Amino acid sequence: MNDSVDTYVIVPTYNEADNLDDLLSQLLDLPVSLGIIVVDDNSPDGTGDLADKWAAERPDRVHVLHRPGKMGLGTAYIAGFKFGLAELKAARLMTMDADFSHNPRYIPDMIALSQQKHIVIGSRYVPGGGSVDCSWKRVLLSKGANFVARSALGLKANDTTAGFRLYRREVLESIPLNQIFSSGYSFLVEMLFMCQRRGWQVGEVPIIFEDRRRGATKISRSEVFRAQYTILRLFLRRLRGGEPRRPAEPVTS
Ligand SMILES: Nc1nc2c(ncn2[C@@H]2O[C@H](COP(=O)(O)OP(=O)(O)O)[C@@H](O)[C@H]2O)c(=O)[nH]1
Ligand SMILES: [Mg+2]
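About the criteria used
Residues numbered from 1 in each chain as written. Chains lettered and ligands numbered in written order. Predicted model: local features only at pLDDT ≥ 70, side-chain atom pairs only at ≥ 80, totals over all residues. Helix = DSSP H or I, 4+ residues; strand = E, 2+ residues; numbered from the N terminus. Buried ≥ 20, exposed ≤ 12 C-beta atoms within 10 Å, placed from the backbone. Contact = placed C-beta atoms within 7 Å. Core = buried A, V, L, I, M, F, W, Y, C linked by C-beta atoms within 7 Å. Pairing = 2+ DSSP bridges. Near = placed C-beta within 6 Å. Nonpolar A, V, L, I, M, F, W, Y, C, P; charged D, E, K, R; others polar. Axes fitted to C-alpha atoms, helices over the stretch in contact; angles between N-to-C directions.

Before we go on, may I ask you to explain the environment of A152 in this structure?
By the element assignment, A152 lies in helix 5 (residues 136-153). By C-beta crowding, A152 is classed as partly exposed, having 17 other C-beta atoms within 10 Å. A152 sits 51 residues away from G203 along the chain, and the two C-alpha atoms are 21 Å apart. Dropping the residues within four chain positions of it, A152 is found in contact with I231 and F235.

In structure tokens, the structure reads:
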């Protein structure tokens, strides 16, 4: 472990062999020192082997978690959070897609804002943010999910479904990660719901979201269905007031 690294980026991968080399080299070239945790679900295209080569060359910076099969994006994030907190003693853990939808160039600004906010979202829906090259279906899906999450759950962030995030350590330590029921994409909404309920402060850095450069999306129709179920479940929990509600926490560094 490299003592000067206290921020780790979790990159969940399933068939991202065409993207991984470029992504890891861009991340390691950033003017901030970062570690990387690749969480690969035994990708048939060999992404896990590629990640192992990076870990062998840069053991101080690149870590790989291998899981036996495709188990969902949410559980991949959780595996990365647990490893980052327990084994790497991370002060901040970030999440991003491997497909360049989330451009590494925004990371320094996200880290800077984490001095004032507990959670930082790389956000499409704040001034200066947006999406390019995305199909209308994709934009509609994202905006629709975001609208529903905000109105049904009372989420205050502008971009509630973004997977490009930074969490300070104390945020992740406050969340019962084993109790999160979403295994897939709706994990993002569930996590934000729990964070907001605990009074953690959320900041947003504008990003331009680009459609993936290579490879195929893993969002399926059943995934969309499960996300609707998640929002319904959380909505009912909100009505029952089941989550602890705490006043806004100050940021202490
Ligand atoms: N480890 C793991 N990664 C996944 C899984 N599903 C998606 N991913 C990764 O999560 C990120 C987001 O998935 P992607 O297909 O780009 O979703 P989209 O951008 O919303 O279409 C990518 O880096 C995927 O490779 C999964 O089940 N396990
Ligand atoms: Mg993507």
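Would you take a moment to explain unusual backbone geometry for this structure?
Of all residues except glycine, most have a negative phi; of all peptide bonds, most are trans. Phi angles above zero are rare outside glycine, and N15 is one such case at about 55°. Within the secondary structure, N15 is located in the loop between strand 1 (7-13) and helix 1 (17-29). Positive phi, close to 55°, is recorded for K89, a residue that is not glycine. With respect to the helices and strands, K89 occurs in the loop between helix 3 (73-86) and strand 4 (92-95).

It is not clear to me how the nonpolar core should be interpreted in this structure. Could you clarify?
If you look at soluble globular proteins, the nonpolar side chains tend to sit buried side by side. The biggest cluster of nonpolar side chains holds 61 residues, and the ones touching the most others in it are I10, I36 and I119. If one sorts the elements of this core by residue count, helix 7 (residues 187-197) sits on top with eight residues. With near-sequence residues (within four places) excluded, I36 lies in contact with Y8, V9, V11, L24, L27, R61, V62 and H63.

Where do I start with the pairing of strand 5 (residues 119-123) in this structure?
Successive residues of a regular strand alternate their side chains across the two faces of the sheet. Within strand 5, five of the five residues are buried, which leaves the element mostly enclosed by the surrounding structure. Residues I119, I121 and S123 line one face of strand 5 and the alternating positions V120 and G122 line the opposite face, and both faces are buried. Note: strand 5 against strand 7 (residues 165-168), three bridges, orientation antiparallel. Looking at the pairing, I119 lines up with Y167 of strand 7.

Help me understand the site of ligand 1 in this model?
Within the structure, ligand 1 sits among 20 residues, and P12, A76, A98, T217 and K218 are positioned closest to it. A per-class count over the shell around ligand 1 returns eight nonpolar, four polar and eight charged.

Quick question: what am I supposed to make of the sheet that holds strand 8 (residues 202-206) here?
Strand pairing in a sheet is mediated by backbone hydrogen bonds. Such pairs are either parallel or antiparallel. The sheet built from seven strands is open, its strands ordered 3-2-1-4-7-5-8 with mixed pairing. Each of the sheet's edge strands pairs with one partner strand only, and the pair in question is strand 3 (62-66) and strand 8. Each neighbouring strand pair of the sheet contributes to a mean axis angle of 20°, computed without reference to strand direction. Here helix 1 sits on the sheet and contacts strand 1, strand 2 (35-40) and strand 3; the angle it forms with strand 1, its principal contact strand, is near 175°. Against the sheet, helix 3 contacts strand 1, strand 2, strand 3 and strand 4, and its axis sits at roughly 150° relative to strand 1.

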